[in-house]
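The primary structure of each chain is shown beneath.
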Amino acid sequence: MEGECRAPQARSSGLPARGGGGESPGGDAPLPGSSGSSAFLQAEVLDLDEDEDDLEVFSKDASLMDMNSFSPVMPTSPLSMINQVKFEDEPDLKDLFITVDEPESHVTTIETFITYRIITKTSRGEFDSSEFEVRRRYQDFLWLKERLEEAHPTLIIPELSSHKKQGPGLLSRMGQTVRAVALSMRGVKSRPEEFMEMNNFIEIFSQKINLIDKISQRIYKEEREYFDEMKEYGPIHILWSASEEDLADTLKGVASCIDRCCKATEKRMSGLSEALLPVVHEYVLYSEMLMGVMKRRDQIQAELDSKVEALTSKKADTDLLTEEIGKLEDKVECANNALKADWERWKQNMQNDIKSAFTDMAEENIHSYEQCLATWESFLTSQTDLHLEEASEDKS
């Protein structure tokens, strides 16, 4: 092999320095970790938003969440919440820890945009400082993602899923499309079995996680409608008690029980919106991103297959083809090794995240049910005792 091919680290995604890989679109300050050294981080899916005139990005459905995307009560999933990882917890681990927070809106005479604070903490000796802080626009995250995908086409880079309204120029898009179509038409003639299994897993996973996402959103919507309706019953019973002197205490007791159940339901809904929904939707985005990773791997493989076919039929300079094939074989091997290593890490994280999210949600549901049950049982017991006491007084 002409170059060293390294398997990705468990927490890694390369942060490119300026130059070579393309210009960053936002400002003169370097991106965190871009001091010229190769850096690694556990890139996370960021639920970030940008001015709608600039970008179309994933954001939670406002009709379901009933809050904006910057609400402090709407965190991202456990995997995404890298700001919860304390640098001091693992002092001996040489790595990077990245925090993205504090969105700020900026209004100029030309445009309105949003920036985010990025804090990088590191224990690596090759950096001039152990902590960096900059502010970056959403476009900078897109730039970083594109550079990472160019440098590491088969690494699973879980940063964000978005679509620019103004992408590359027409000729550039046409060239990319023609090449992609040509490669897809040729197809991959010798895809290894392990990547066939990987592709099948992604297709099935995508179908199931999209279905779970739709069901979860529907459940949340129905829970919200139930909660809004239940909130009205407490005040209704209070008003009713004012006109029913004999039932006043009972009606007020019912209103109190309803109020407690509303609070338990609200807490359960908060758990659903903060713990489960972001995780599920994050893996919907992962499924889309994984399909892109597999497509890029297949394109490298297809390019190699076409060169081998050309050499077999002697349609071009054999010496030049032999050299190109050698380089492509190295490239395919590196791409395959990187994907296999990153695939196992991703699967383990995915299983842990989804299991944790659903387990936490189930426990919260059980706790909420037990709270409501105990509230009504206590009320019914007190009413029964009261009636028995009244009946005993009537007999005496």
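Rules behind the numbers
- Residue positions are counted from 1 within each chain, in the order its sequence is given.
- In view of the model being predicted, local features appear only for residues whose pLDDT reaches at least 70, and side-chain atom pairs are presented and counted only at 80 or more, with totals across whole chains, interfaces and linings using the full set of residues.
- The side-chain figures draw on all heavy atoms in the structure; neither hydrogens nor water molecules are used.
- Any two cysteine sulfur atoms lying within 2.5 Å of each other are counted as a disulfide.
- Accessible area is worked out with a 1.4 Å probe on protein chains only. A residue is then buried under 20% of its type maximum, exposed over 50%, and partly exposed in between.
- Here, a strand pair is defined by DSSP locating no fewer than two bridges between the strands.
- Strands are runs of DSSP state E lasting at least two residues, helices are runs of H or I lasting at least four, and both sets are numbered from the N terminus onward.
- A fitted line through C-alpha atoms serves as each axis, taken over the contacting stretch for helices, and the angle formed by two N-to-C directions is quoted from 0 to 180°.
- Contact between two residues is taken to exist if any of their heavy atoms lie within 4.5 Å; hydrogens are not considered.
- One less than the residue count of a helix, multiplied by 1.5 Å, gives the span that helix is expected to have.
- Bend at a given residue is defined as the angle between two axes, one fitted to the seven residues that end at that position and one fitted to the seven that begin there.
- Side-chain rings of Phe, Tyr and Trp (the six-membered ring for Trp) are treated as a pair once their centres are within 6.5 Å; stacked means planes under 30 degrees apart, edge-to-face means over 60, and tilted covers the remaining angles.
- Geometrically, a charge over a ring is one whose NZ (Lys) or CZ (Arg) sits within 6 Å of the ring centre while staying within 35 degrees of the ring normal.
- We call a set of buried residues a nonpolar core when its members are Ala, Val, Leu, Ile, Met, Phe, Trp, Tyr or Cys and they connect through side-chain atoms within 4.5 Å of each other.
- Each patch groups residues whose relative accessible area exceeds 30% and which form no salt bridge, using 9 Å between like charges and 5 Å between nonpolar side chains of Val, Leu, Ile, Met, Phe, Trp and Tyr.
- Note that accessible areas follow from Shrake-Rupley with a 1.4 Å probe, and for residues the cover is restricted to the protein chains shown.
- By salt bridge we mean one thing: a side-chain nitrogen of Lys or Arg within 4 Å of a carboxyl oxygen of Asp or Glu.
- Values of pLDDT, the confidence the predictor places in each residue, fall between 0 and 100.
- Should an angle fall under 35 degrees it is taken as roughly parallel, and over 145 as roughly antiparallel, whereas 65 to 115 is taken as roughly perpendicular and any remaining angle as oblique.
- Each crossing gets its handedness from the near helix: less than a right angle anticlockwise from the far helix is left-handed, clockwise is right-handed.
- Residue polarity is assigned by list, with Asp, Glu, Lys and Arg as charged and Ala, Val, Leu, Ile, Met, Phe, Trp, Tyr, Cys and Pro as nonpolar; anything else, Gly included, falls into the polar class.

Q: Explanation requested: the state of the cysteines in the structure shown.
A: Put plainly, a disulfide is one covalent bond tying together the sulfur atoms of two cysteines. Tallied over the entire structure, the rule returns 0 disulfides. Its sulfur unpaired, Cys372 is 3.4 Å from the next cysteine sulfur, which belongs to Cys261. The class for Cys372 is buried, based on a relative accessible area of 17%.

Q: Got a minute to help me understand the sheet that holds strand S2 (residues 96–107) in this structure?
A: Consider a sheet: its strands pair through backbone hydrogen bonds, and that pairing is either parallel or antiparallel. Reading across from one edge, S2-S3-S4 is the order of the 3 strands in this open sheet, with antiparallel pairing throughout. Looking at strand neighbours, the two that pair on one side only are S2 and strand S4 (131–137), the edges of this open sheet. Ignoring which end each strand starts from, the neighbouring axes of this sheet average 20° apart. Note that S2 and strand S3 (residues 112–122) share 10 bridges and pair antiparallel. Paired with Glu104 across the strands is Thr115, a residue of S3. Here helix H2 (residues 138–151) sits on the sheet and contacts S2, S3 and S4; the angle it forms with S4, its principal contact strand, is near 105°.

Q: What is the right way to read helix H5 (residues 248–313) from this model?
A: An α-helical turn contains 3.6 residues, so a residue and the one three or four places further along point in the same direction. Taking 1.5 Å of rise per residue, 66 residues should cover 98 Å, and H5 covers 95 Å from first to last C-alpha, within 8% of that figure. The largest bend in H5 comes to about 35°, at Leu277, with the proline Pro278 one to four residues further on. Downstream of H5 by a residue or two, Lys314 has a phi angle that is positive, lying close to 55°.

Q: Could you clarify how one ought to interpret the packing of aromatic side chains in this entry?
A: Aromatic ring pairs are described here by two measures, namely the spacing of the ring centres and the angle between the planes. Here the structure, examined in full by the defined rule, presents 11 aromatic pairs. Ring geometry for Phe201 versus Phe205: centroids 6.1 Å apart, planes at 5°, classification stacked. With Phe201 and Phe205 both in helix H4 (residues 193–243) and 4 residues apart, the pair spans about one turn of that helix. Overall, the relative accessible area of 10% leaves Phe205 in the buried class. When the ring of Phe205 is compared with that of Tyr283, the centres are 6.4 Å apart and the planes differ by 90°; the resulting orientation is edge-to-face. Linking Phe205 in helix H4 with Tyr283 in helix H5, this pair joins segments that are 78 residues apart in sequence. Residue Tyr283 is classed as buried on the basis of its relative accessible area, which comes to 0%. Clustering of aromatic rings is evident, with ring pairs tying together Phe201, Phe205, Tyr283, Tyr286, Trp343 and Trp346. The ring of Phe113 has Arg137 sitting right over it, with the charged end atom 4.1 Å from the ring centre. Sitting over the face of the ring of Phe201, Lys347 holds its NZ or CZ atom 4.8 Å from the ring centroid.

Q: I would appreciate a short explanation of the nonpolar core in the present structure.
A: Most often, soluble globular proteins have nonpolar side chains that are buried together. Counting residues in hydrophobic clusters, the biggest one holds 37 residues, and the most contacted among them are Tyr283 and Trp346. Where this core is concerned, the elements lending two or more residues are H4, H5 and helix H6 (318–395). Counting 10 residues, the second largest nonpolar core, distinct from the first, contains Ile98, Ile114, Val134 and Phe141.

Q: Would you mind showing me how to read a nonpolar patch on the surface here?
A: Judged by side-chain polarity, Leu211, Ile215 and Ile219 come together as a nonpolar surface patch covering roughly 240 Å² of accessible area. Position of Ile219 among the secondary structure elements: in helix H4.

Q: Is there a simple way to think about the environment of Ile118 in this case?
A: Topologically, Ile118 is positioned in strand S3. On the accessibility criterion, Ile118 (3% relative accessible area) is buried. A C-alpha to C-alpha distance of 5.6 Å links Ile118 and Thr99, two positions 19 residues apart in sequence.

Q: Any chance you could explain the confidence of the model for the protein chain here in plain terms?
A: For residues with low pLDDT, the predicted coordinates do not support detailed interpretation. Within the protein chain, residue pLDDT values average 74, and 68% of them lie at 70 or more. Across residues 6–89, where pLDDT falls below 50, the model places 198 contacts with residues more than four positions away in sequence or in other chains. Counting contacts from residues 162–169, a segment whose pLDDT is below 50, to residues more than four positions away or on other chains yields 13 contacts.

Q: When you look at the packing of H4 against H5 in this model, what are you seeing that I'm missing?
A: The relative placement of two packed helices comes down to the angle between their axes together with the axis-to-axis distance. In contact at an axis separation of 7 Å, H4 and H5 are set at 160° when each is read in the N-to-C sense. In terms of their interaxial angle, H4 and H5 are classed as roughly antiparallel. The handedness of the crossing between H4 and H5 comes out as left-handed. The residue inventory of the contact of H4 with H5, partitioned by class, reads 31 nonpolar, 12 polar and 8 charged.

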